[in-house]
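Summary of the model geometry
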Amino acid sequence: MLILIGLLFLFMLLGIPIAFSIGAASLFYVLIDPSLSETTAIQRMVAGVNSFTFLAIPFFIFAGNLMNSGGITHRIFEFAAVCVGHIRGGLAHVNVASSVIFAGMSGAAVADAGGLGAATIKAMRAKGYGEPVSIGVTAASSIIGPIIPPSMAIIVYAIASSQSIERLFAAGIAPGFLMALSLMVMIYIFSERLKCPAEKKANRKEIWIALSRALPSLMAPVIILGGIFTGIFSPTESAAIACTYAIILSIIYKEFSYTSFKTSVMNSVVTSVQVLLIVASANLFAWILTSKEIPQSISQVILSTTESYLLVLLALNLLLLLVGLFLETVAAINLLVPIILPIMTIGFGMDPIQLGIIVVLNLIIGTLTPPFGTVLFVLSSVSNTPVEKVTKYTAIFLPPLIIVLILVNIFPGLTLWLPDFFFGK
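Residues numbered from 1 in each chain as written. Predicted model: local features only at pLDDT ≥ 70, side-chain atom pairs only at ≥ 80, totals over all residues. Heavy atoms only, no water.

Topic: the environment of Val-185
How we decide: Where helices and strands are cited, they refer to DSSP runs of H or I of at least four residues and of E of at least two residues respectively, numbered from the N terminus.
For Val-185, the location among the structural elements is in helix H10 (residues 165-189). In the structure, Val-185 is positioned 96 residues away from Gly-89 in sequence and 9.6 Å away in space, judged by C-alpha atoms.

Below, the structure written as structure tokens:
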């Protein structure tokens, strides 16, 4: 165990990408352990991504890129602006509301930050908003995407834990909206201190025009989530439908071009390969841990040390937040779930659906924290702002998200009532 973990951190410290660090550490361990087969190790890596369900990941990534290049995100922002722009806090509220709508289409914080985030920062700067609120709110609201379904991180957890994607998707809705509400409450209370300019309230005509322009885009989450929760199609099929719908809307909006389509394809391929390579390497890592009965050993140690559920829950959250500082979300889920799942579900009786939302929420918050916060680097790029300043601005809006995390831990009903409502107990 120490050799495996030591090799992993050694490769990471050498600056080797996380996917290769996990894979190299695992393969090296297999080579020095005669009880493990090299052939089986390769088969485990292939088996890790040989799943129909995993097809949803590249499709949702592609759908998010298509929506960013096809004028869809711009229309969502316009509609949110006429609906909530006049509330004290103005475009900061619009920023959050836009992220909630876009969350029902893309499922990735990076897609939200890179596409919608670029548009919202530009609009807020033009209206005289300061950098702390423009960039900070954009960063904090972008992580709503991986919580409200569809969510790439939730799909990865569902496969790693053998849980229902549909139930996990339903479980993420209430926490996602709570995150949005908590951010909007903070913006409303501190709007004067944040120096948010007042916005004019839209009249009925302006609302109607914005609604008519955005209505086809607003139907995307309805089609995607409605189809999943009614059982008309699977999450993977819904991802393919999302791509098709995004292409159709881009053509209708007359913003479809071969160049933009090619760029979306290439960006999606690169991102998908990165994600799936991490999954394949992490699956080998998890197989080694399981074959050596490491999760069972850790579970026995913890259960023999303490019987306090609250103490273990606190330690779990601190561990996840710490891991989120250094590891990419998909890699962290694949590495940690085989260890913590039996401890929390078998040892302490936690519902695996609630555990999934806790895991994802903790790790997604990690994308807003240095040294490896991916959202920070994306926003640094699109806003032409040093990552150190982006980190400082983002930290202002972390407290509401931490409060929601605490509530999700304390009250399981926040995550479980919707899955029970749609699919029964």
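Re the environment of Leu-27
Rules: Throughout this description, buried means an accessible area under 20% of the type-specific maximum (1.4 Å probe, protein chains only), exposed means over 50%, and partly exposed covers the range between. Whether two residues touch is decided by their heavy atoms; if any such pair falls within 4.5 Å, the residues are in contact.
Along the chain, Leu-27 turns up in helix H2 (residues 18-32). Using a relative accessible area of 33% as the deciding quantity, one classes Leu-27 as partly exposed. In sequence terms Leu-27 and Glu-38 are 11 residues apart; their C-alpha atoms lie 7.8 Å from each other. Residues within four places of Leu-27 in sequence aside, it is in contact with Ile-42 and Leu-284.

Remarks on the layout of surface pockets
Quick note on the threshold: Here a cavity is any set of points on a 1 Å grid over the protein atoms alone where a 1.4 Å probe fits but cannot get out, and a pocket is any open set with protein on both sides within 12 Å along at least 5 of 7 lines; a residue lines the site when it has an atom within 4 Å of a point. Grid points are joined across faces, edges and corners, and a volume is the space filled by probe spheres set on the points. The classification used treats Ala, Val, Leu, Ile, Met, Phe, Trp, Tyr, Cys and Pro as nonpolar, Asp, Glu, Lys and Arg as charged, and all other residues, Gly among them, as polar.
Here the second largest pocket defines a volume of roughly 620 Å³. What lines the second largest pocket is a set of 25 residues, among which Leu-319, Val-323, Leu-336, Ile-339 and Ile-340 lie closest to the centre. Put simply, the parts of the chain that give the lining of the second largest pocket at least two residues each are helix H1 (2-13), helix H13 (258-291), helix H14 (294-305), helix H15 (309-326) and helix H16 (329-347). When residues in the lining of the second largest pocket are grouped by element, the largest group, eight residues, is from H15. Residues of the lining of the second largest pocket, tallied by class, amount to 24 nonpolar, one polar and no charged.

As for the packing of helix H17 (residues 352-365) against helix H20 (residues 398-410)
To keep things clear, this is the line we draw: Note on definitions: angles span 0 to 180 degrees between N-to-C directions of axes, and those axes are lines fitted to C-alpha atoms, for helices only across the stretch in contact. Roughly parallel here means an angle under 35 degrees, roughly antiparallel means over 145, roughly perpendicular means 65 to 115, and every remaining angle is called oblique. Two helices crossing with the near one rotated counterclockwise from the far one by less than a right angle form a left-handed crossing, whereas a clockwise rotation gives a right-handed crossing.
Two elements in contact, H17 and H20, have axes separated by 10 Å at closest approach and are oriented at 165°. Classified by the angle their axes make, H17 and H20 are roughly antiparallel. Judged by the twist between their axes, the crossing of H17 over H20 is left-handed. Listed contacts from H20 to Gln-354, Ile-357, Ile-358, Leu-361, Asn-362 and Ile-365 of H17 are Leu-398, Leu-401, Ile-402, Val-404, Leu-405, Val-408 and Asn-409. Residue composition of the contact of H17 with H20, by class: 10 nonpolar, three polar and no charged.

As for helix H9 (residues 152-161)
Where burial is concerned, most of H9 is hidden: eight out of the 10 residues are buried. Among the residues of H9, Met-152, Ala-153, Ile-154, Ile-155, Val-156, Tyr-157, Ala-158 and Ser-161 are the ones counted as buried. Those residues of H9 that are buried lie in contact with helix H4 (56-69), H10, H13, H16 and H17. Positive backbone phi, approximately 60°, marks Ser-162, located one or two places after H9.

A look at a nonpolar patch on the surface
Filter applied, for reference: A patch consists of residues whose relative accessible area exceeds 30% and which take part in no salt bridge; residues with like charges are grouped when within 9 Å of each other, and nonpolar side chains (Val, Leu, Ile, Met, Phe, Trp, Tyr) when within 5 Å. Each accessible area value is a Shrake-Rupley result obtained with a 1.4 Å probe; residue values ignore everything except the protein chains displayed when judging cover. Counted as salt bridges are all cases of a side-chain nitrogen of Lys or Arg within 4 Å of a carboxyl oxygen of Asp or Glu.
Nonpolar side chains collect at one region of the surface, where Ile-87, Leu-181, Val-185, Tyr-188, Ile-189 and Phe-190 lie side by side and expose about 520 Å² of accessible area between them. Structurally, the position occupied by Ile-87 is in the loop between helix H5 (72-84) and helix H6 (91-103).

Some thoughts on the pattern of salt bridges
Under the criterion given, the structure shown has five salt bridges. Ionic pairing is found between Glu-255 and Arg-75, a salt bridge with its closest N-O pair at 3.2 Å. Taken as a pair, Glu-255 in the loop between helix H12 (235-252) and H13 and Arg-75 in helix H5 lie far apart in primary sequence, 180 residues in all. A relative accessible area of 36% places Glu-255 in the partly exposed class. The class of Arg-75 is buried, set by a relative accessible area of 8%.

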